[in-house]
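Fold and geometry: a report
Each chain, written out:
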Amino acid sequence: MKRVLWYLIAGSRGGLNRARIIQAIHDRPYNVNQLSVELDLDYKTIKHHVDVLEDHDLIVKSAVEKYGAQYFLSNRLEENYSLFLEILSKSKK
């Protein structure tokens, strides 16, 4: 998990946007459109980062809806949220 977070947050382009998405979803579930408005980013940008986070099992989609599906932190990320915060703080330096 540590390596995945380092790569996705601190080691690649878009890491800051992915971190912002994780922090927003940590507070409450959002769909892609809501995240776009909340974070003031383009819908396609949010969709790309959500797909990356979902592919790495950091967020999960509600199974009920396709369009407008809500995203939540995965159990794996919930358990390691303090590690995420630590990596985020180190990457901002």
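Residues numbered from 1 in each chain as written. Predicted model: local features only at pLDDT ≥ 70, side-chain atom pairs only at ≥ 80, totals over all residues. Heavy atoms only, no water.

**Quick word on the packing of helix H2 (residues 15-27) against helix H6 (residues 81-91)**
- The geometry of H2 relative to H6 is characterised by a closest axis approach of 12 Å and an angle of 145° between their N-to-C directions. Crossing of H2 over H6 shows left-handed handedness. Residues Ala19, Ile22, Gln23 and His26 of H2 lie in contact with H6, whose contacting residues are Tyr81, Phe84, Leu85 and Leu88. (Axes fitted to C-alpha atoms, helices over the stretch in contact; angles between N-to-C directions. Helix = DSSP H or I, 4+ residues; strand = E, 2+ residues; numbered from the N terminus. Left-handed = near helix turned anticlockwise from the far one by under 90°. Contact = heavy atoms within 4.5 Å.)

**Some points on the layout of surface pockets**
- Roughly 150 Å³ of volume is contained in the largest pocket.
- Along the walls of the largest pocket sit Asn31, Val32, Asn33, Tyr43, Lys47, Lys61, Lys66, Tyr67, Gly68, Ala69 and Tyr71, which together make up its complete lining.
- Elements with a minimum of two residues in the lining of the largest pocket: helix H3 (32-39) and helix H4 (43-55).
- Class assignment of the residues belonging to the lining of the largest pocket gives a composition of 5 nonpolar, 3 polar and 3 charged. (1 Å grid on protein atoms, 1.4 Å probe; cavity = no way out; pocket = protein on both sides within 12 Å on 5 of 7 lines; lining within 4 Å. Points joined across faces, edges and corners; volume = space filled by probe spheres on them. Nonpolar A, V, L, I, M, F, W, Y, C, P; charged D, E, K, R; others polar.)

**Structural notes on the packing of aromatic side chains**
- As enumerated under the stated definition, the model contains 1 aromatic pair in all.
- Each ring, one from Tyr81 and one from Phe84, has its centre 5.3 Å from the other, and the planes form 40°; the classification is tilted. A residue pair is termed a helical-turn pair when its members lie 3 or 4 positions apart in one helix, as Tyr81 and Phe84 do in helix H6 at 3 residues. Residues Tyr81 and Phe84 agree in their burial class; the two are buried. (Phe/Tyr/Trp six-rings, centres within 6.5 Å; stacked < 30°, edge-to-face > 60°. Buried < 20%, exposed > 50% of the residue type's maximum accessible area, 1.4 Å probe, protein only.)

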